[in-house]
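Residues per chain are reported as follows:
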Amino acid sequence: MAKKIVTDLDVAGKKVLMRVDFNVPMKDGKITDENRIVAALPTIKYVLENGGKVIAFSHLGKVKEAADLEKRNIAPVAARLSELLGQPVTFVNATRGEELEKAVANLKDGEILMFQNTRFEDLDGKKESKNDPELGKYWASLGDLFVNDAFGTAHRAHASNVGIAANIGEGNTAAGFLMEKEIKFIGGAVDAPERPLVAILGGAKVSDKIGVIENLLVKADKILIGGAMMFTFFKALGKNTGTSLVEEDKVELAKSLLEKAEGKIILPIDTVICKEFSNDAPHSVVSVDEIPNDEMGLDVGPATVKLFTEQLVGAKTVVWNGPMGVFEMSNYAKGTIGVCEAIANLENATTIIGGGDSAAAAISLGFADKFSHISTGGGASLEYLEGKKLPGVESISNN
Ligand code: ADP
Ligand code: MG
């Protein structure tokens, strides 16, 4: 079902509540990475330029005790937002009450205010994170329309996303541009992919990705598996895995996934091994059938990169989740780089990265602009790839 986006709303003269993801890393009250603020600008500007009044809000970290109130004060973000927008952002140091209500009432068309960290409401009974019905209703009462641009929390039903949507009135909730992109790419890849759909899965653990593997076994035409999780599959096939990371309690599961896959799962054929988890110790490439007892696999080998590159030829949709090796160490980054290159060279394919470390790998290795979409939500994109309905997405009005 197609969801409403902000351009489907008539925002002129309206009070537009906007859930953004300003959960930025901070150190000593200073923002250390402002990407998320920059990323939210198009949606905010769209509403302001079209004569709407913006009431913006976000969570920032977790708020468990009174001491967190100072650490999680979102005021510096409002100040930076004002600089980036080039216009004043009225900051309200409250999440409810008279000061906030007055500030909202004073907003003129094209003006913006931001209120305090939504999770300040968690201090007294987790009202935000447990979607307290009164809180969602109260926040909804402050505006006419609701724009949700916070994909990173879409897998959670909180008051500031689902609660507001439930109370703002039929047809009044829309996705911002960031949310729209996530729905289009990740939602599109799992719901109605252009085929062949090839999934590349890696990373640390099978246990983190069971849901993703199971869903993609149904949806994808091929699944290429690398990363540490390959060793649990090799164990399931009776191979010697040396000291590689194996999840013993997932070996049976891996066996049954391989049976269910009916050939859809393609495993590496060689691996880069080392005696230690170290970039400085001697390492070599061996066939996956020849891993010595005292060595661990830390990357896929060159023959595997070639195999995966061939398997990707002709793909129309590629979903990648999880690095092929310990890409943080240069000697074990080649598999991940090779797969990035293979994906980057595909013509006419929609290519998507979902997963925090895979996104970080692609960005740090210089491939950021080679992909159609790099998801911004770690947990949310994983659950989306698992085929789960995300409450934050579901609660957006249908178009
Ligand atoms: P994502 O965040 O993209 O979903 P994961 O969190 O599942 O990815 O996994 C990323 C981590 O997996 C990286 O830190 C990487 O070093 C680690 N990893 C990949 N391959 C191996 C391996 N062969 N042995 C140990 N760790 C590995
Ligand atoms: Mg991760």
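This part covers the overall build of the chain. Each helix and strand in the chain was counted, giving 15 helices and 17 strands. By the compact-globule yardstick of 21 Å for 399 residues, the chain fits well, its C-alpha radius of gyration being 23 Å. Taking the principal axes of the C-alpha coordinates as reference, the chain spans close to 70 × 45 × 35 Å. Taking all 399 residues of the chain together, 54% fall into the buried category. Here the chain displays about 16900 Å² of accessible surface, and carbon together with sulfur accounts for 49% of that area.

Let's shift gears to the domain arrangement of the chain. Assigned domains of the chain: these are domain 1 (6-178) and domain 2 (185-385). Placing the centre of domain 1 and that of domain 2 at their C-alpha centroids yields a distance of 36 Å. Approximately 500 Å² of surface area, both sides summed, lies buried where domain 1 meets domain 2, with 67% of it carried by carbon and sulfur atoms. For the pair domain 1 and domain 2, the interface holds zero salt bridges. Our count for the contact surface shared by domain 1 and domain 2 stands at zero residue pairs in polar contact (both at pLDDT 80 or more). For the side of domain 1 that touches domain 2, the residue count by class is one nonpolar, two polar and two charged.

The strand order E11-E10-E9-E15-E16-E17 describes an open sheet built from six strands, whose pairing is parallel. On the outer flanks of this sheet lie strand E11 (265-266) and strand E17 (373-374), each paired with one strand and no other. Relative to strand E15 (residues 317-321), strand E9 (residues 197-201) is paired through five bridges, and the arrangement is parallel. Among the inter-strand pairings, Ala199 is bridged to a residue of E15, identified as Val319.

What follows deals with the site of ligand 1. The full set close to ligand 1 counts 18 residues, and Lys209, Gly297, Glu328, Asp357 and Ser358 are the nearest of them. Between Gly297 and ligand 1, the recorded distance is 3.1 Å, taken from a backbone N or O atom to a nitrogen atom. One nitrogen or oxygen atom from the main chain of Gly356 is found 3.4 Å from an oxygen atom belonging to ligand 1. At the level of elements, strand E14 (296-300) and helix H13 (356-364) are the ones that each hand at least two residues to the shell around ligand 1.

Attention now moves to the pattern of salt bridges. Using the criterion set out here, one finds 18 salt bridges in the structure. A salt bridge links Asp109 to Lys53, with the nearest nitrogen and oxygen atoms 3.3 Å apart. Highlighted residues: Asp109 in the loop between helix H4 (98-106) and strand E6 (112-115) and Lys53 in strand E4 (residues 53-57), separated in sequence by 56 residues. The buried category is assigned to Lys53, whose relative accessible area is 15%. In this structure, the salt-bridge partner of Asp289 is Lys239, at a minimum N-O distance of 2.7 Å. You can see Asp289 sitting in the loop between strand E13 (283-287) and E14 and its partner Lys239 sitting in the loop between helix H9 (229-236) and helix H10 (251-261), a full 50 residues away along the chain. Here the salt bridges share partners, and the residues they tie into one network are Glu34, Arg80 and Glu83.

Looking at the secondary structure, you find Thr304 in helix H11 (residues 302-312). Since its relative accessible area comes to 0%, Thr304 is described here as buried. One polar contact links the side chain of Thr304 to the main-chain amide nitrogen of Ile269, over a distance of 3.0 Å. Polar contacts involving the side chain of Thr304 include one to the side chain of Asp270, which spans 2.5 Å.

Our next topic: the pairing of strand E16 (residues 350-353). Of the pairings in the sheet, the one linking E15 to E16 comprises four bridges and is parallel in character. The residue bridging Val319 from the neighbouring strand is Ile352, located in E16. In the classification by handedness, the crossover that spans E15, the intervening helix H12 (residues 334-344) and the parallel E16 is right-handed. Relative to E17, E16 runs parallel, the two being bridged by two bridges. Looking at E17, one finds that Ile352 is bridged to His373.

So, about the packing of aromatic side chains. Counted by the stated rule, this structure contains seven aromatic pairs. Here Trp320 and Phe371 contribute two aromatic rings whose centre-to-centre distance is 6.1 Å and whose plane-to-plane angle is 25°, an arrangement assigned as stacked. Taken as a pair, Trp320 in strand E15 and Phe371 in the loop between H13 and E17 lie far apart in primary sequence, 51 residues in all. In this pair, the class of Trp320 matches that of Phe371, namely buried. Just above the ring of Tyr138 sits the side chain of Arg96; from NZ or CZ to the centre is 5.9 Å.

Here the focus is the environment of Ala281. Inspection of the secondary structure assignment puts Ala281 in the loop between strand E12 (270-274) and E13. Along the primary structure Ala281 and Asn331 are separated by 50 residues, whereas in three dimensions their C-alpha atoms are 9.9 Å apart. Those residues in contact with Ala281 that lie beyond four places of it in its chain are Cys274, Glu276 and Tyr332.

Analysis parameters
Residues numbered from 1 in each chain as written. Chains lettered and ligands numbered in written order. Predicted model: local features only at pLDDT ≥ 70, side-chain atom pairs only at ≥ 80, totals over all residues. Heavy atoms only, no water. Helix = DSSP H or I, 4+ residues; strand = E, 2+ residues; numbered from the N terminus. Rg over C-alpha atoms; globule rule 2.2 N^0.38 Å. Buried < 20%, exposed > 50% of the residue type's maximum accessible area, 1.4 Å probe, protein only. Areas by Shrake-Rupley, 256 points an atom, 1.4 Å probe, with all protein chains shown as cover. Domains from an automatic or database assignment. Buried area = accessible area lost by both parts, 1.4 Å probe. Salt bridge = Lys/Arg side-chain N within 4 Å of Asp/Glu carboxyl O. Polar contact = N/O pair within 3.5 Å; in protein donor to acceptor, adjacent residues only side chain to side chain. Nonpolar A, V, L, I, M, F, W, Y, C, P; charged D, E, K, R; others polar. Pairing = 2+ DSSP bridges. Near = heavy atom within 4 Å. Right-handed = clockwise from strand over helix to strand, strands pointing away. Phe/Tyr/Trp six-rings, centres within 6.5 Å; stacked < 30°, edge-to-face > 60°. Lys NZ or Arg CZ within 6 Å of the ring centre and 35° of its normal. Contact = heavy atoms within 4.5 Å.

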